[in-house]
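# Summary of the model geometry
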Amino acid sequence: MRIVLVEPEIPQNTGNISRTCAATGMSLHLIEPLGFSIDEKHVRRAGLDYWQYLDLHVHPSFEDFLEKFGDEPIYYLSTKAPRAYSQANFEKDCTLVFGKETKGLPEELLAKNYDRCLRIPMLPGIRSLNLSNSVAIVAYEALRQNGFAGMLEEGKLTTIEMSGAQDL
(Lines give C-alpha, C1' and ligand atoms only; values in the text may rest on other atoms or scores of the structure.)
Protein backbone atom coordinates (compact mmCIF):
# COMPACT_ATOMS: atom_id res chain seq x y z
CA MET A 1 0.00 0.00 0.00
CA ARG A 2 1.01 3.57 -0.62
CA ILE A 3 0.34 6.90 1.06
CA VAL A 4 0.53 9.96 -1.20
CA LEU A 5 0.76 13.49 0.16
CA VAL A 6 0.08 16.12 -2.50
CA GLU A 7 2.16 19.23 -1.77
CA PRO A 8 2.43 18.78 2.01
CA GLU A 9 3.13 22.01 3.87
CA ILE A 10 3.79 21.14 7.52
CA PRO A 11 6.94 19.13 8.27
CA GLN A 12 5.63 17.78 11.58
CA ASN A 13 2.62 16.22 9.85
CA THR A 14 4.83 14.60 7.25
CA GLY A 15 7.15 13.40 10.04
CA ASN A 16 4.24 11.76 11.86
CA ILE A 17 2.99 10.21 8.63
CA SER A 18 6.51 8.97 7.91
CA ARG A 19 6.52 7.18 11.24
CA THR A 20 3.14 5.59 10.46
CA CYS A 21 4.45 4.44 7.08
CA ALA A 22 7.64 3.04 8.59
CA ALA A 23 5.65 1.16 11.25
CA THR A 24 3.22 -0.32 8.72
CA GLY A 25 5.46 -0.96 5.71
CA MET A 26 3.48 1.45 3.54
CA SER A 27 5.51 3.50 1.09
CA LEU A 28 5.29 7.29 1.31
CA HIS A 29 5.07 9.36 -1.86
CA LEU A 30 5.49 13.11 -1.62
CA ILE A 31 4.29 15.30 -4.50
CA GLU A 32 6.27 18.51 -5.00
CA PRO A 33 6.43 21.31 -4.22
CA LEU A 34 7.03 20.55 -0.55
CA GLY A 35 6.64 23.24 2.09
CA PHE A 36 9.88 22.12 3.80
CA SER A 37 13.19 20.36 3.15
CA ILE A 38 13.74 16.63 3.53
CA ASP A 39 17.49 16.69 3.09
CA GLU A 40 19.58 14.61 5.50
CA LYS A 41 20.49 17.59 7.71
CA HIS A 42 16.85 18.57 8.30
CA VAL A 43 15.73 14.98 8.82
CA ARG A 44 18.48 14.35 11.38
CA ARG A 45 17.73 17.63 13.20
CA ALA A 46 14.05 16.63 13.46
CA GLY A 47 15.08 13.43 15.25
CA LEU A 48 13.53 11.10 12.70
CA ASP A 49 15.47 8.06 13.87
CA TYR A 50 13.18 5.71 11.96
CA TRP A 51 13.74 7.46 8.60
CA GLN A 52 15.97 4.58 7.40
CA TYR A 53 12.94 2.27 7.62
CA LEU A 54 10.84 4.48 5.38
CA ASP A 55 10.22 3.63 1.72
CA LEU A 56 10.18 7.25 0.51
CA HIS A 57 9.57 8.54 -3.02
CA VAL A 58 9.42 12.16 -4.15
CA HIS A 59 7.64 13.05 -7.39
CA PRO A 60 7.80 16.38 -9.24
CA SER A 61 4.06 16.20 -9.96
CA PHE A 62 0.97 14.07 -9.39
CA GLU A 63 1.05 13.22 -13.10
CA ASP A 64 4.53 11.75 -12.59
CA PHE A 65 3.18 9.59 -9.76
CA LEU A 66 0.28 8.41 -11.95
CA GLU A 67 2.66 7.42 -14.75
CA LYS A 68 4.35 5.02 -12.34
CA PHE A 69 1.45 3.83 -10.17
CA GLY A 70 -1.75 4.85 -11.98
CA ASP A 71 -2.75 1.26 -12.74
CA GLU A 72 -3.17 0.46 -9.03
CA PRO A 73 -6.44 1.22 -7.17
CA ILE A 74 -6.41 4.82 -5.92
CA TYR A 75 -8.60 6.43 -3.26
CA TYR A 76 -8.79 10.19 -2.77
CA LEU A 77 -9.49 11.48 0.74
CA SER A 78 -11.40 14.72 1.10
CA THR A 79 -13.89 16.37 3.44
CA LYS A 80 -15.98 16.92 0.28
CA ALA A 81 -16.21 13.23 -0.64
CA PRO A 82 -19.59 11.48 -0.99
CA ARG A 83 -18.98 8.40 1.19
CA ALA A 84 -17.16 7.34 4.31
CA TYR A 85 -13.81 5.55 4.20
CA SER A 86 -15.45 2.70 6.15
CA GLN A 87 -17.64 1.96 3.11
CA ALA A 88 -14.65 1.20 0.87
CA ASN A 89 -13.19 -2.23 0.22
CA PHE A 90 -9.46 -1.48 0.17
CA GLU A 91 -7.28 -3.64 -2.04
CA LYS A 92 -3.90 -4.83 -0.73
CA ASP A 93 -2.06 -2.77 -3.37
CA CYS A 94 -4.12 0.42 -3.08
CA THR A 95 -2.99 4.01 -2.86
CA LEU A 96 -4.44 6.55 -0.43
CA VAL A 97 -4.09 10.15 -1.62
CA PHE A 98 -4.28 13.13 0.75
CA GLY A 99 -4.09 16.83 -0.08
CA LYS A 100 -2.19 19.71 1.43
CA GLU A 101 -3.14 20.90 4.88
CA THR A 102 -4.58 24.29 3.87
CA LYS A 103 -6.53 23.37 0.73
CA GLY A 104 -6.93 19.61 0.46
CA LEU A 105 -6.96 18.04 -2.99
CA PRO A 106 -7.74 20.09 -6.12
CA GLU A 107 -11.45 20.20 -7.01
CA GLU A 108 -10.79 19.04 -10.59
CA LEU A 109 -8.94 15.95 -9.34
CA LEU A 110 -11.85 15.11 -7.03
CA ALA A 111 -14.40 15.68 -9.81
CA LYS A 112 -12.52 13.34 -12.20
CA ASN A 113 -12.36 10.61 -9.54
CA TYR A 114 -15.65 11.17 -7.72
CA ASP A 115 -16.45 7.47 -7.35
CA ARG A 116 -13.06 6.89 -5.63
CA CYS A 117 -13.37 9.80 -3.16
CA LEU A 118 -13.74 9.04 0.54
CA ARG A 119 -14.13 11.07 3.71
CA ILE A 120 -13.76 10.62 7.43
CA PRO A 121 -17.11 11.33 9.13
CA MET A 122 -17.11 14.40 11.39
CA LEU A 123 -19.67 16.61 13.06
CA PRO A 124 -20.99 19.53 10.98
CA GLY A 125 -19.09 22.80 11.29
CA ILE A 126 -15.68 21.20 11.82
CA ARG A 127 -13.29 22.03 8.98
CA SER A 128 -11.11 18.93 9.10
CA LEU A 129 -8.96 16.61 11.18
CA ASN A 130 -5.20 16.93 11.37
CA LEU A 131 -3.58 15.40 8.28
CA SER A 132 -1.42 12.91 10.16
CA ASN A 133 -4.43 11.71 12.16
CA SER A 134 -6.46 11.34 8.98
CA VAL A 135 -3.75 9.28 7.31
CA ALA A 136 -3.49 6.99 10.35
CA ILE A 137 -7.26 6.46 10.56
CA VAL A 138 -7.68 5.46 6.92
CA ALA A 139 -4.37 3.59 6.61
CA TYR A 140 -5.17 1.33 9.55
CA GLU A 141 -8.64 0.60 8.19
CA ALA A 142 -7.09 -0.43 4.86
CA LEU A 143 -4.57 -2.59 6.70
CA ARG A 144 -7.29 -4.12 8.91
CA GLN A 145 -9.33 -5.07 5.86
CA ASN A 146 -6.28 -6.87 4.51
CA GLY A 147 -5.54 -8.76 7.71
CA PHE A 148 -2.59 -6.59 8.78
CA ALA A 149 -0.46 -8.68 6.40
CA GLY A 150 3.01 -9.27 7.84
CA MET A 151 2.34 -7.10 10.90
CA LEU A 152 1.01 -9.55 13.47
CA GLU A 153 2.93 -12.21 15.27
CA GLU A 154 1.10 -15.50 15.63
CA GLY A 155 -1.39 -15.41 18.47
CA LYS A 156 -0.90 -11.76 19.46
CA LEU A 157 -4.57 -10.82 19.05
CA THR A 158 -6.12 -14.00 20.40
CA THR A 159 -5.53 -13.41 24.12
CA ILE A 160 -5.39 -10.33 26.28
CA GLU A 161 -3.06 -11.04 29.16
CA MET A 162 -4.81 -9.09 31.88
CA SER A 163 -6.40 -10.38 35.06
CA GLY A 164 -9.99 -11.31 34.36
CA ALA A 165 -9.71 -10.94 30.57
CA GLN A 166 -11.09 -13.73 28.42
CA ASP A 167 -9.87 -15.03 25.07
CA LEU A 168 -11.20 -13.01 22.20
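Provided above is the structure to which this section pertains.
Described in the following lines is the structure provided in the data block. (Residues numbered from 1 in each chain as written. Predicted model: local features only at pLDDT ≥ 70, side-chain atom pairs only at ≥ 80, totals over all residues. Heavy atoms only, no water.)

### Focus on the pairing of strand E1 (residues 2-6)
Where burial is concerned, most of E1 is hidden: five out of the five residues are buried. Neither face of E1 is exposed, since Arg2, Val4 and Val6 on one face and Ile3 and Leu5 on the opposite face are all buried. Strand direction decides the pairing type here: E1 and strand E2 (residues 27-31), joined by five bridges, are parallel. The residue of E2 that forms the bridge with Leu5 is Leu30. For the crossover that starts at E1, traverses helix H1 (residues 11-24) and ends in the parallel E2, the hand is right-handed. Of the pairings in the sheet, the one linking E1 to strand E6 (residues 95-98) comprises four bridges and is parallel in character. Bridge pairing in E6 places Val4 opposite Val97. (Buried < 20%, exposed > 50% of the residue type's maximum accessible area, 1.4 Å probe, protein only. Helix = DSSP H or I, 4+ residues; strand = E, 2+ residues; numbered from the N terminus. Pairing = 2+ DSSP bridges. Right-handed = clockwise from strand over helix to strand, strands pointing away.)

### A word on the pattern of salt bridges
A complete count under the given rule lists four salt bridges for this structure. Here Lys68 makes a salt bridge to Asp64, at a shortest N to O gap of 3.0 Å. With Lys68 and Asp64 both in helix H3 (residues 62-69), this residue pair falls four residues apart, about one helical turn. Under the relative-accessibility criterion, Lys68 is labelled exposed at 52%. A salt bridge links Arg144 to Glu141; its shortest N-O distance comes to 2.8 Å. Residue Arg144 and its partner Glu141 are both found in helix H5 (residues 131-145); the two are separated by three residues, about one turn of the helix. (Salt bridge = Lys/Arg side-chain N within 4 Å of Asp/Glu carboxyl O.)

### Brief notes about the sheet that holds strand E7 (residues 117-119)
Pairing in this open sheet of seven strands is parallel, and the strands run E3-E2-E1-E6-E4-E7-E5 from one edge to the other. The outermost strands of the open sheet, each flanked by one partner alone, are strand E3 (56-59) and strand E5 (83-84). The pairing of E2 with E3 spans four bridges and is classified as parallel. Opposite Leu30, over in E3, you have Val58 as the bridge partner. Most of the contacts of H5 go to E6, to which it runs at about 165°, and overall it touches E1, strand E4 (74-77) and E6. (Contact = heavy atoms within 4.5 Å. Axes fitted to C-alpha atoms, helices over the stretch in contact; angles between N-to-C directions.)

### Points about H5
Count 3.6 residues to each turn of an α-helix, and residues three or four apart come out pointing the same way. The end-to-end C-alpha distance of H5, which contains 15 residues, comes to 21 Å, matching closely the 21 Å that a straight helix rising 1.5 Å per residue would cover. Those residues of H5 that sit buried are Leu131, Ser132, Ser134, Val135, Val138, Ala139, Glu141, Ala142 and Leu143. Tucked into the core, H5 has its buried residues touching E1, H1, E4 and E6. Downstream of H5 by one or two residues, Gly147 has phi in the positive range, about 70°. (Expected span 1.5 Å × (residues − 1).)

### Remarks on the side chain of Thr95
Mapped onto the secondary structure, Thr95 falls in strand E6. Overall, the relative accessible area of 0% leaves Thr95 in the buried class. Within the structure, Thr95 has its side chain in polar contact with the side chain of Arg2 (distance 2.8 Å). Setting aside residues up to four positions removed in sequence, Thr95 forms contacts with Arg2, Val4, Phe65, Pro73, Ile74 and Tyr75. (Polar contact = N/O pair within 3.5 Å; in protein donor to acceptor, adjacent residues only side chain to side chain.)

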